[in-house]
Amino acid sequence: MNGERRVITSWVGCLILIVFFVGYFPRGVWCQDDPDDDSPDNNRRHRISSLFTNFLSQRFSKIIRRYKSSIQRTLHYCTEDVEKDIDGAFNFQGKDEFFTKCQLKYTDLANRLCTAAELRVYFTSFIQKVDSTNSISQAHFLDPNRNCNLTSWLSGCEPGWASAVNPGEKYEYNETNPRKMPYRTHNSQPCCEGFFCPQGLTCMIPCPLGAYCPVAKLNRKHGICEPYHYQQPAGKANHTCGAADMWGPVQMGSDMFCDPGYYCPTTTEEIECPKGRYCRMGSVQSEICFAGSRCEKRTNIPSMKVFGMMLIGLLTGILIVVYNCSDQLMSTRYARNAKFREAAAKQARETAQARERWQAAKDMIKNPHGFQGPHLSQISSRKSGARDNLKSKISNPYSPGNNKKETVKLNDMLELMDDGPGEQEGFNLEIGDVNLKKKNIKTKKDPQTKSQIFKYAYGQLEKEKAMVEQSKNMSFSGLLSFAKRRGEDARERPRIEIAFEDLTLTLKGKRKCIMRSVSGKLMPGRISAVMGPSGAGKTTFLSALTGKITGCTMSGMILVNGKNESIHSYKKIVGFVPQDDIVHGDLTVEENLRFSARCRLSADIPKQDKVLIVERVIEALGLQGVRDSKVGTVEKRGISGGQKKRVNVGLEMVMEPSLLILDEPTSGLDSASSSLLLRALRREALEGVNISMVVHQPSYSLYQMFDDLILLAKGGLTVYHGPVKKVEEYFSGLGITIPDRINPPDYLIDILEGIIKPAGSVTAQKLPVRWMLHNGYRIPPDMLHLCDQSDSPSPSNAGELANKSFNCEIEKDFPKYGFFTTPDLSGRVTPGLFTQYKYYLERVLRQRMRDSRVQASDYLILLLAGACLGTMAKVTDDTFGATGYQYTVIAVSLLCMIGALRTFCLDKLQYKRESSSGMNSLSYFLSKDTMDHINTIMKPLVYLCLFYFFNYPRSSFGSNYIVLVCLVYCVTGIAYTLAVSLEFSQAQLWSVLLPVVLTLVANQSKTSAVSVMTPFVFPNWALEAFIIANAKEYNGVWLMTRCAALKLYDYDIHNSNRCLCLLVATGLGTRVIAFICLLTRQR
């Protein structure tokens, strides 16, 4: 306690010395005001005051140089600039009339002013009373001192009175030791106006600027000296009211403060605030009201509600314009693209028809017997001009007069024109031009405009259609030649072959096998169907092959192209279609497919080829009619379920995979849609794609479209793995004959389910063992009892199988890679970080535009919160608005965190699918965060539109806005972490609890055990930044209030930038944590 008192005494003494010097300095120049007065008294006063002023200047200038560093050190928490703060409180230059009047009233003014020791006694006792939370009445009494104590209580000890130093006593103005203060028992008189005389001291102190210190008047009814609320001492008839008695924080009394609605240019003058201006409490001048605000006479705080409403209207108008314009812009864009597509499709069809007519004409020229009815009917469909041109420019090579040379030229022209129309966008060749070979046919540059790109895409599609028509009724060799012709123009895809041996999956912690001893191979260019009853592990099997299985221990061996490599090294060319339709419901069909193509296709593929790939998939899956329709979600109806299933498959087809795994792609589709999907997949298989899918109860026609069948029994045991054409042959060898007019997979699944019992000794439980024996695979020991005696392996075979088991156990481990070191063996270079970031940003912007109603509701709630808190939680001068800012921190943090949860909570499944295919996670995260910066900028502005202008604190709008921006940035990062690492419901609960609980922690007293957490919570940083920004605007008479408040809250006025940096650093750090959680949860 003594150490604390010594510290308080030290810094208070330093402050008092500066106050003493600055307050006394103008006293030495008062006599210069009347230089024309030649009276002897004036000349005498002039000479005396000049000498006294020079004496005080030299003496106290040394004190300033001596104590300036000490003041900066001890009062650093409430004085940002010592010279500026003291100058703002005690710079009486041009405002020193009260010195003149007091000197005229008391010629011994110099002996009535407090010395450094007396100032130290006052401020030390005052600070101790405030820190001990005593009442205001107790704080009026100072500790006993040399002049005022239990044995000596003069009239000068009363509030508002002062005494002069005893005549003949020597004392030092610079002396700070209270025991050496001068004796003041002589000539006790009321304190002069412009000064305050504390109760318990017998000297005068100048009132700071912003104070109003007139001489008090006695209210005879109540016996109080107004406006200071102190009473005259009893039994002293000659004792009158003096001036002010105390300067301290406004919480302990606002008697000395200039009244609200008035301004005080000097400490002895109070002027009514005129109309059109406002005057806060403690003002030294009036302030101009803002345009749109209403300020009558004696206005304390202007009504800024109109200004806030105007700003709200402006922001609302901007939001409405953006909302409507965005919809209109997107509609216009869709219409323009549709127009381009229709024109391109029309031109492509016309070109294809012209190419067909030219082919017919060419065939007739080559075959003289071709000029017959059917051919002539095709030619007659052309325009007359073209027909005349044909007759005039094409001569019959078999007519008389044509020599061999002309025939050769014509054949060369025909060969050239066979290739020409197919290579151009349109059919622009002049038919029969004999000089065609001599002309240089320059290929056009890559299409750049949308119209050119669509022309190119639809021209290629029409060409492919013509090839498909030609391939009808082809033999198998003809079909392969068609695929080869198409592959000449297409990019060659790398081939992926998957081989697996003794693949076994066991649930972790339960030792239960969900798949046992599965061996086989998936070949490129073939479509494999995985079938079996429920619980057979069909989806588990395909998930294990693609490395997506979780919660299981996997043994066995998986080879990719004959090498023991991880399938994750090929993820850029592996497509996996999940059973659920994981697509973005707020995007259209074309937008979903185009985004997948742009991010997952090779970066060196031209834009027009990517458009062609997307258009080809849309046409192959029959999605032309819904290409511009939003997919839809559970809440918002979109396209049908079957169409959504095809979009789900199309997302993988557009990236031109080498391995395509599909989990029940035909579930929920009718037979026509399933057939359409299988035909599209068949075309992919012809290009060398390895396709495998889980299928439930396919029709016979669909069943015949598969190349291989993988039939699994319950428990994940293989019953058959081979070509579809040999299924019946294999099972007939086991004594199982499939009846006529029965779908083979349905019959076999009924056997495995136990619905149908096969004839003979083979049962459903023995079928997996029979397959293992048929292929020489290892039989698990617990299944040996299912082997018939005739089928039991010989001892030599048993030893061979044991060796196989031993080798399998050795080779069952897969290559282990580090978290960021999985090698890329796909050979495909997809777009880089910044390119994918641009694609992601476009997608997120489009999604936010379509979700503008939710954004508007967030802004509306913030407006209501600002209006309510601005009305109820007033920013008062005594606490610098601490209560209102506490509610602000809670409301803004809570609302912004809940809104930010939607950024990552609503598309976790979509992200997991995209990231597992090799798309850049950092681009995804940065695009989401970049788009949320709009909310980081706009939401504080929306909230402050009402809160600030309803309260109108002394701090500026800009300073409050900066603090709120940093706060929103901080809580948004925290919300990201919660959204990524928790479920949506749990994240919402934490988003509500965190701001409330941490704000309560930030306001705990120092004696609380929880207070150790206060410096480390973000609400404490935001509150400190708010209060410091407000406290900086309180100067002059508010200096004591500022120091007391900052000491009470344990804030430092220099920590404003530090608090803002901590908020930004927390937001940045939590974003890093959220991104790491995003990566770890993905794996």
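Since the model is a prediction, treat every value here as computed from it, not as a measurement. Counting starts from 1 at the beginning of each chain's written sequence and moves along it residue by residue. Residue-level local features of this predicted model are given only where pLDDT is at least 70; pairs of side-chain atoms are given and counted only at 80 or more, and the full residue set underlies all totals for whole chains, interfaces and linings. Hydrogen atoms and water are omitted, and side-chain values are computed over all heavy atoms in the structure.

Peer 1: Please clarify how the overall build of the chain should be interpreted in this entry.
Peer 2: To qualify as a helix, a DSSP run of H or I must reach at least 4 residues; to qualify as a strand, a run of E must reach at least 2; elements of each kind are numbered from the N terminus. Along its length, the chain carries 33 helices and 20 strands. The rule is simple: take the accessible area with a 1.4 Å probe, protein chains only, and divide by the maximum for that residue type; under 20% is buried, over 50% is exposed, in between is partly exposed. Going through the 1083 residues of the chain one by one, you find that 51% of them count as buried. As displayed, the chain offers around 51,300 Å² of accessible surface, 55% of which is attributable to carbon and sulfur atoms. Where accessible areas are quoted, they stem from the Shrake-Rupley method and a 1.4 Å probe; at the residue level, only the protein chains shown are allowed to cover.

Peer 1: Help me out: how do you make sense of the packing of helix α29 (residues 957-981) against helix α31 (residues 1018-1031) in this one?
Peer 2: Lines fitted to the C-alpha atoms define the axes, with helices restricted to the stretch that makes contact. Angles between their N-to-C directions range from 0 to 180 degrees. Remark: α29 packs on α31, axes separated minimally by 9 Å, with the N-to-C direction vectors making an angle of 175°. Between α29 and α31, the angle is such that the two are roughly antiparallel. For the pair α29 and α31, contact is made by Ser959, Asn960, Val963, Leu964, Leu967, Cys970, Val971 and Ile974 and by Phe1018, Ala1022, Ala1025, Phe1026 and Ala1029, respectively. Charged residues are taken to be Asp, Glu, Lys and Arg, nonpolar residues to be Ala, Val, Leu, Ile, Met, Phe, Trp, Tyr, Cys and Pro, and polar residues to be all remaining types, Gly included. A class-by-class count of the residues in the contact of α29 with α31 yields 11 nonpolar, 2 polar and no charged. Roughly parallel here means an angle under 35 degrees, roughly antiparallel means over 145, roughly perpendicular means 65 to 115, and every remaining angle is called oblique. Every residue pair with non-hydrogen atoms within 4.5 Å of one another is taken to be in contact.

Peer 1: Help me understand the packing of aromatic side chains, please; the structure alone is not making it clear to me.
Peer 2: Each pair of aromatic rings is reported with the distance of its centres and the angle of its planes. In this scheme Phe, Tyr and Trp rings, the latter by its six-membered ring, pair at centre separations within 6.5 Å, and the angle between planes marks the pair as stacked below 30 degrees, edge-to-face above 60, and tilted otherwise. Overall, the coordinates contain 29 aromatic pairs when judged by the stated rule. Seen in terms of ring centroids, Tyr885 and Phe1026 are 4.5 Å apart; in terms of plane orientation they differ by 5°. Their pairing is stacked. With a gap of 141 residues between them, Tyr885 in helix α26 (residues 882-905) and Phe1026 in helix α31 connect regions that are remote in the sequence. Look at Phe1026 and you get buried, because its relative accessible area is 1%. Members of the aromatic cluster, each reached through a chain of ring pairs, are Phe595, Tyr840, Phe904, Tyr911, Tyr924, Phe925, Tyr976 and Phe1075. Lying over the aromatic face of Phe595, Arg843 brings its terminal NZ or CZ to 4.2 Å of the ring centre. By definition here, charges over rings are those cases where NZ of Lys or CZ of Arg is within 6 Å of the ring centre and within 35 degrees of the ring normal.

Peer 1: What am I meant to see in the nonpolar core here?
Peer 2: Soluble globular proteins tend to bury their nonpolar side chains together. Tyr122, Phe195, Met204, Trp247, Tyr943 and Phe1018 are the most contacted members of the largest nonpolar core, which totals 139 residues. Take this core: its biggest share by element is 14 residues, from α29. By size, the runner-up hydrophobic cluster in this structure holds 61 residues, among which are Val577, Leu593, Leu601 and Ile749. By convention a nonpolar core is built from buried Ala, Val, Leu, Ile, Met, Phe, Trp, Tyr and Cys residues, the set being connected through side-chain atoms within 4.5 Å.

Peer 1: Even after reading the chapter, I still don't get the UniProt feature "transmembrane region" (unreviewed entry) in the chain, so can you show me in this structure?
Peer 2: UniProt positions are given in the numbering used here, feature names are shortened, and annotations may be inferred rather than shown by experiment. With numbering matched to this structure, UniProt assigns "transmembrane region" (unreviewed entry) to residues 7-25, 306-326, 856-873, 885-905, 961-981, 987-1003 and 1059-1081. End C-alpha atoms of residues 987-1003 are separated by 25 Å, and the span's content is 94% helix alongside 0% strand.

Peer 1: Honestly, the side chain of Ser991 in this entry has me stumped. Any pointers?
Peer 2: Among the secondary structure elements, Ser991 is positioned in helix α30 (residues 984-1002). Here Ser991 is in contact with Leu894, Met897, Ile898, Leu901 and Leu978, once residues within four sequence places are set aside.

Peer 1: I keep staring at helix α14 (residues 538-545) and nothing clicks. Help me out?
Peer 2: Working note: α-helix, 3.6 residues per turn, so residues spaced by three or four point in the same direction. In terms of burial, α14 is a largely internal element, 7 of the 8 residues being buried. Within the sequence span of α14, burial applies to Lys538, Thr540, Phe541, Leu542, Ser543, Ala544 and Leu545. Directly after α14, the chain includes Gly547, whose backbone phi takes a positive value near 75°.

Peer 1: Looking at this structure, how should I read a nonpolar patch on the surface?
Peer 2: Patches here: salt-bridge-free residues with over 30% relative accessible area, like charges joined within 9 Å, nonpolar side chains (Val, Leu, Ile, Met, Phe, Trp, Tyr) joined within 5 Å. Salt bridge, as applied in this entry: a Lys or Arg side-chain nitrogen positioned within 4 Å of an Asp or Glu carboxyl oxygen. Together, Leu989, Leu993, Val996, Val997 and Leu1000 make up an exposed nonpolar region whose accessible area comes to about 420 Å². Position of Leu1000 among the secondary structure elements: in helix α30. Classification of Leu1000 by relative accessible area gives exposed; the value is 53%.

Peer 1: Would you explain the sheet that holds strand β15 (residues 552-560) in this entry?
Peer 2: Here, strands pair whenever DSSP counts at least two bridges between them. On the basis of which strands lie adjacent, the open sheet formed by 3 strands has the order β13-β12-β15 and antiparallel pairing. Whereas interior strands pair on both sides, the edge strands pair on one side only; in this sheet they are β13 (513-522) and β15. With direction set aside, neighbouring strand axes in the sheet form an average angle of 5°. Two elements, strand β12 (residues 498-507) and β13, share 6 bridges in a ladder whose sense is antiparallel. Its bridge partner lying in β13, Thr506 is registered against Cys513. Contacts from α14 reach β12, β13 and β15 within the one sheet, and its direction differs from that of β12 by about 120°.

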